[in-house]
Amino acid sequence: MKLLRRRSAEPEDLVVDVEQAVVTKGRPTPKRRDSTPRRQPVTQAPRNRKEAYRWQKEQAQRARTSPGSTGTTLRGPAYREALRRGDTTVLPRRDQGPARKLARDWVDSRRLFSNYLLVLFPVMIIGYLIPFLNLAVIILFFAFLIEWYLTGRRIKALAESRGIEVNAGPMSLGFYAGSRAYLPRRWRMPAPQVSLGDPI
């Protein structure tokens, strides 16, 4: 009796021809440095104030000649005059929109506590350095914050009552109004379109 049986031959249909299974690509595998896209050159940050000013000037020039503008490039006095008039084609993004126009008119027609911030600012800095005046400086700071918030609420309510779409909150509008209110009227850009006491 045979204890070890001879293995049966595998069927011919199960034998796989290795040469047929290997699919040749026709070209060698590319290296990683050749297959990955080349990186774009990184723009170098301005190294000094002069380069930063030049970059800012180029950005402003590009914004003036953007598709949203009238197509005319304003420079020097003509640009400043258009900005002073409140021409919408040259206004910075933060000043654009009917809600911001309403906020500017609202601030220009009233006297606010923020009108005196420029005068009080040196006093606040000196007061912060003197220990017993720290509390007075903190109270003044919170008084400005409260005024900006209340101003933002009033402007937002007025805008909504007139059907003007407002995409900013009361504090954002109030901060915009406060940053205009502390400047003297002749320094404000765009220039005030209303006088003190005019109805808005």
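These numbers were taken from a predicted model, which means no experiment stands behind them.

Asks: Please explain the pattern of salt bridges as it appears in this structure.
Replies: Note that side chains of opposite charge can pair when their charged atoms are close. Considering all chains together, one arrives at 4 salt bridges under this definition. Here Asp-108 and Arg-180 are joined by a salt bridge, their closest N and O atoms 2.9 Å apart. Of the two residues, Asp-108 sits in helix H5 (residues 98-108) while Arg-180 sits in helix H8 (residues 170-181), which places them 72 residues apart along the sequence. The buried category is assigned to Asp-108, whose relative accessible area is 1%. One salt bridge in this structure joins Asp-108 and Arg-188, with 2.7 Å as the shortest N-O distance. Highlighted residues: Asp-108 in helix H5 and Arg-188 in the segment after H8, separated in sequence by 80 residues. With respect to class, Asp-108 is no different from Arg-188; both count as buried. One connected set of salt bridges, linked through shared partners, spans Asp-108, Arg-180 and Arg-188.

Rules used throughout
Residues numbered from 1 in each chain as written. Predicted model: local features only at pLDDT ≥ 70, side-chain atom pairs only at ≥ 80, totals over all residues. Heavy atoms only, no water. Salt bridge = Lys/Arg side-chain N within 4 Å of Asp/Glu carboxyl O. Helix = DSSP H or I, 4+ residues; strand = E, 2+ residues; numbered from the N terminus. Buried < 20%, exposed > 50% of the residue type's maximum accessible area, 1.4 Å probe, protein only.

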